[in-house]
Amino acid sequence: MATNEKFTLLTVNDWPRLQYLYKQDWPKYIVPYYLLQNYISWHAKDEEYVEKNVKVVILEDDWSDGTFLLLEKSYLFFYTLNKSPKRLEQLLEYLDPTKLYRARCIYEKDKHSFKKVCLGKFGMQLYHEHDCVMFAMMRENALHYMERPIPKGITLKRLTPDIVPRITPHYVLRNEDTSELFERLINFNFSMGAFNDEGELLAYNLQFMSGEVMAMQVDPKHKRRKLGSILAERMGKLISRNGADVFARVAAENTPALKMSESLGMTNLGRMSHIVVGPKDDKIKNKL
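Quick notes on the rules
Residues numbered from 1 in each chain as written. Predicted model: local features only at pLDDT ≥ 70, side-chain atom pairs only at ≥ 80, totals over all residues. Heavy atoms only, no water. Core = buried A, V, L, I, M, F, W, Y, C linked by side-chain atoms within 4.5 Å. Buried < 20%, exposed > 50% of the residue type's maximum accessible area, 1.4 Å probe, protein only. Helix = DSSP H or I, 4+ residues; strand = E, 2+ residues; numbered from the N terminus. Contact = heavy atoms within 4.5 Å. Pairing = 2+ DSSP bridges. Polar contact = N/O pair within 3.5 Å; in protein donor to acceptor, adjacent residues only side chain to side chain. Phe/Tyr/Trp six-rings, centres within 6.5 Å; stacked < 30°, edge-to-face > 60°. Salt bridge = Lys/Arg side-chain N within 4 Å of Asp/Glu carboxyl O.

K.L.:
Would you take a moment to explain the nonpolar core for this structure?
P.N.:
Among soluble globular proteins, nonpolar side chains are generally buried collectively. Counting residues in hydrophobic clusters, the biggest one holds 78 residues, and the most contacted among them are F68, F77 and Y79. Tallying contributions element by element places helix α2 (residues 30-45) first for this core, with eight residues. When sequence neighbours within four positions are dropped, the list of residues in contact with F68 reads L18, Y22, P32, L35, L36, V56, V57, I58, F77, F78, Y79 and L91. Residues L88, L91, L92 and C118 belong to the second largest nonpolar core, which totals 20 residues.

Okay, structure coming up:
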């Protein structure tokens, strides 16, 4: 552990013990549990990248209440099992108010604490806020889910990094780091695309670093072919066959995707938020 008086950088060897705390009240804390699992897996695949770019920070060398934050470059995640927000707010003071942070998968109960520290105490600027709904299906149910047939002329296969320049421009929440992020997700996590006989990509989805299925995009010309549902089913089966529960993030305003998740028999775990904060600087107003 690397320690100063207030903050401790937790080494990879300790991440599984922190992760274990989040198995309680399953699947309530499915996001922090699989977030840590994701980076444990990434470390096994590319130790150099994770050691250089990923930090897990705890407060005063104590993670007994599960309070931690995780940083990968500009991407930020933070969680606690403590009913009081005090320790989480103290931990969030680790952040540097001169930097931009893309906070992802924030529980409703923790959103006020994040804004209190970043906007109130640090005087940072709120650049973006977006709500989503998290849905989950337990591994046992996903394994036995009956998949609908793949339409004639459609092939499903894993994405490769060379597809990134084709998909990034169409991602609604893209920013200057999206291409690099998508490359990492394709290299390290599960992904799937639906291609026609000419090799044209009609739909795709990715698995985010916190473990959920995200970035589902369908070509508008093919939305009536149920390709989104077919990909979601196949991704769910792929993830569950590899030993994990399945969960997906859906934009709160995306009514068709919300209905699709419900139709797949997934459990609504409630709302989470994505918030981007940074120093007050006109040059970064449009960054998501």
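K.L.:
How should I be thinking about unusual backbone geometry in this particular structure?
P.N.:
Outside of glycine, negative phi angles account for most residues, and trans bonds account for most peptide bonds. The omega torsion of the bond from W26 to P27 falls at 10°, within 30 degrees of zero and hence cis. By the secondary structure assignment, P27 is in the loop between α1 (15-20) and α2. For D25, which is not glycine, the phi dihedral falls at a positive 55°. Mapping D25 onto the fold places it in the loop between α1 and α2. At E60, a position not held by glycine, the phi torsion is positive, near 50°. Its location among the elements puts E60 in the loop between β3 (54-59) and β4 (68-72).

K.L.:
Where do I start with the pairing of β3 in this structure?
P.N.:
When a strand is regular, its side chains alternate between the sheet's two faces. Most of β3 sits out of view: five of its six residues are buried. The pairing of strand β2 (residues 7-9) with β3 spans three bridges and is antiparallel. Note that in β3 the partner of L9 across the bridge is V57. Two elements, β3 and β4, share four bridges in a ladder whose sense is antiparallel. Looking at β4, one finds that V54 is bridged to E72.

K.L.:
Whenever I open this one, the environment of S113 confuses me. Can you help?
P.N.:
In this structure, S113 sits in helix α5 (residues 108-121). Considered as a pair, S113 and D245 are 132 residues apart in the sequence and their alpha carbons are 29 Å apart. There is a polar contact of 2.9 Å between the side chain of S113 and the side chain of E89.

K.L.:
Can you help me understand the packing of aromatic side chains in this one?
P.N.:
We describe a pair of aromatic rings using the distance from one ring centre to the other and the angle between the two ring planes. Tallied over the full model, the rule gives 16 aromatic pairs. Aromatic side chains F68 and Y79 sit 5.8 Å apart centroid to centroid with 45° between the ring planes, which places their arrangement in the tilted category. In this pair, F68 is assigned in strand β4 and Y79 in strand β5 (residues 75-79), connecting sequence segments 11 residues apart. The class of Y79 is buried, set by a relative accessible area of 1%.

K.L.:
How should the pattern of salt bridges be read in this particular structure?
P.N.:
Note that side chains of opposite charge can pair when their charged atoms are close. Evaluation of the coordinates by the stated rule reveals 22 salt bridges. Between D131 and R271 there is a salt bridge, with its nearest N and O atoms 3.3 Å apart. Within this pair, whereas D131 is found in strand β7 (residues 125-137), its partner R271 is found in strand β13 (residues 267-278), the two being separated by 140 residues in sequence. According to the relative accessible area criterion, R271 is partly exposed, its value standing at 43%. The salt bridge partner of E147 is K237, with a shortest N-O separation of 3.8 Å. Placement of E147 in the loop between α6 (139-143) and β8 (155-157) and of K237 in helix α9 (residues 227-241) is noted, with a sequence separation of 90 residues between them. Since its relative accessible area comes to 30%, E147 is described here as partly exposed. The exposure class assigned to K237 is buried, which follows from its relative accessible area of 6%. Residues joined by salt bridges that share partners form a network here, namely E108, K111, K115, E129, D131 and R271.

Take it as geometry only, folks, not as evidence of what the structure does.
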